[in-house]
Amino acid sequence: FDGSNSITYNSKFLYDYVNTPRVDNILPNKLNVIGNEQVILTGYNLPTNRDFVLVGNVNARIVSKSSTQIVFISPRMNPGIYEIIIPGGNFGNTL
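The structure presented is a predicted model; accordingly, all values stated were derived computationally and were not measured.

## Some words on the overall build of the chain
Then, number 1: Counting its secondary structure elements, the chain contains 0 helices and 7 strands.
Then, number 2: The order of helices and strands in the chain, counted from the N terminus, is β-β-β-β-β-β-β.
Then, number 3: Counting only contacts in the chain whose residues sit at least 6 apart along the sequence, the fraction spanning at least 24 positions is 47%.
Then, number 4: Working note: accessible area of the chain is about 7300 Å², and carbon and sulfur atoms make up 52% of it.

Listed below in structure tokens is the structure:
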């Protein structure tokens with residue numbers, strides 16, 4: 001770091017975007033605050049190594065999962081807009 005808000009790396013790295021998880025659709029996209037609704041995430045290369053997703057910071061139980069679809073049960077939440085995070089273990093998280 002040279003103090004000019006820029007950083008120069010001496011070596012490069014390769015980012016493999018082909019294997020990057022991608023969420024294409026979430027149904028439904030509006031949920032009841034009471035929870036207990038089935039939510040279907042569809043996409044590509046979704047992580048399958050966990051039994052939960054996070055809605056905000058609350059665990060939601062996965063009921064089925066594959067690399068193209070994750071189905072979970074929504075938790076009870078206060079009204080608001082929340083990120084859905086799919087923990088990927090050593091591979092990071094999918095938002």
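There's plenty left to go through after this.
## Some words on the confidence of the model for the chain
Then, number 1: When pLDDT is averaged across the chain, the result is 83; 74% of the residues are at 70 or more.
Then, number 2: The weakest mean pLDDT in the chain belongs to strand β7 (residues 93-94) at 56; the strongest belongs to strand β5 (residues 69-73) at 97.

## Comments concerning the nonpolar core
Then, number 1: Residues Val-39, Leu-41, Leu-46, Val-53, Val-55, Ala-60, Ile-62, Ile-70, Phe-72, Met-77, Ile-84 and Ile-86 constitute the largest nonpolar core, which totals 12 residues.
Then, number 2: Of all the elements in the fold, those that place two or more residues in this core are β2 (38-44), β3 (52-55), β4 (58-65), β5 and β6 (84-87).
Then, number 3: Setting aside its immediate chain neighbours within four residues, Val-39 contacts Ile-26, Leu-27, Pro-28, Leu-31, Ile-70, Val-71, Phe-72 and Ser-74.

## Thoughts on the pattern of salt bridges
Then, number 1: One pass over the full model with this rule turns up 2 salt bridges.
Then, number 2: Arg-22 is the partner of Asp-24 in a salt bridge, and the nearest nitrogen-oxygen pair spans 2.7 Å.
Then, number 3: Judged by relative accessible area, Asp-24 falls into the partly exposed class, the value being 49%.

## Re the environment of Asn-36
Then, number 1: Mapped onto the secondary structure, Asn-36 falls in the loop between β1 (22-27) and β2.
Then, number 2: Exposure remark for Asn-36: the relative accessible area of 66% places this residue in the exposed category.
Then, number 3: Along the backbone, Asn-36 and Arg-61 are 25 residues apart, and their C-alpha atoms lie at a distance of 10.0 Å.
Then, number 4: Every residue in contact with Asn-36, bar those within four places of it in the chain, is listed here: Ile-73 and Ser-74.

## Side note on unusual backbone geometry
Then, number 1: A cis amide bond links Leu-27 to the next residue, Pro-28, at an omega of -15 degrees.
Then, number 2: Residue position: Pro-28 is located in the loop between β1 and β2.
Then, number 3: At Asn-36, a position not held by glycine, the phi torsion is positive, near 65 degrees.
Then, number 4: Residues other than glycine seldom take positive phi values, yet Asn-45 does so here, at roughly 55 degrees.
Then, number 5: Among the secondary structure elements, Asn-45 is positioned in the loop between β2 and β3.
Then, number 6: According to the relative accessible area criterion, Asn-45 is partly exposed, its value standing at 29%.

## Focus: the environment of Pro-79
Then, number 1: As for its position among the elements, Pro-79 is in the loop between β5 and β6.
Then, number 2: Using a relative accessible area of 72% as the deciding quantity, one classes Pro-79 as exposed.
Then, number 3: Distance in space between the C-alpha atoms of Pro-79 and Ile-34 is 9.8 Å, their sequence separation being 45 residues.

How each quantity is defined
- Residues numbered from 1 in each chain as written.
- Predicted model: local features only at pLDDT ≥ 70, side-chain atom pairs only at ≥ 80, totals over all residues.
- Heavy atoms only, no water.
- Helix = DSSP H or I, 4+ residues; strand = E, 2+ residues; numbered from the N terminus.
- Contact = heavy atoms within 4.5 Å.
- Areas by Shrake-Rupley, 256 points an atom, 1.4 Å probe, with all protein chains shown as cover.
- pLDDT = per-residue confidence, 0-100.
- Core = buried A, V, L, I, M, F, W, Y, C linked by side-chain atoms within 4.5 Å.
- Buried < 20%, exposed > 50% of the residue type's maximum accessible area, 1.4 Å probe, protein only.
- Salt bridge = Lys/Arg side-chain N within 4 Å of Asp/Glu carboxyl O.

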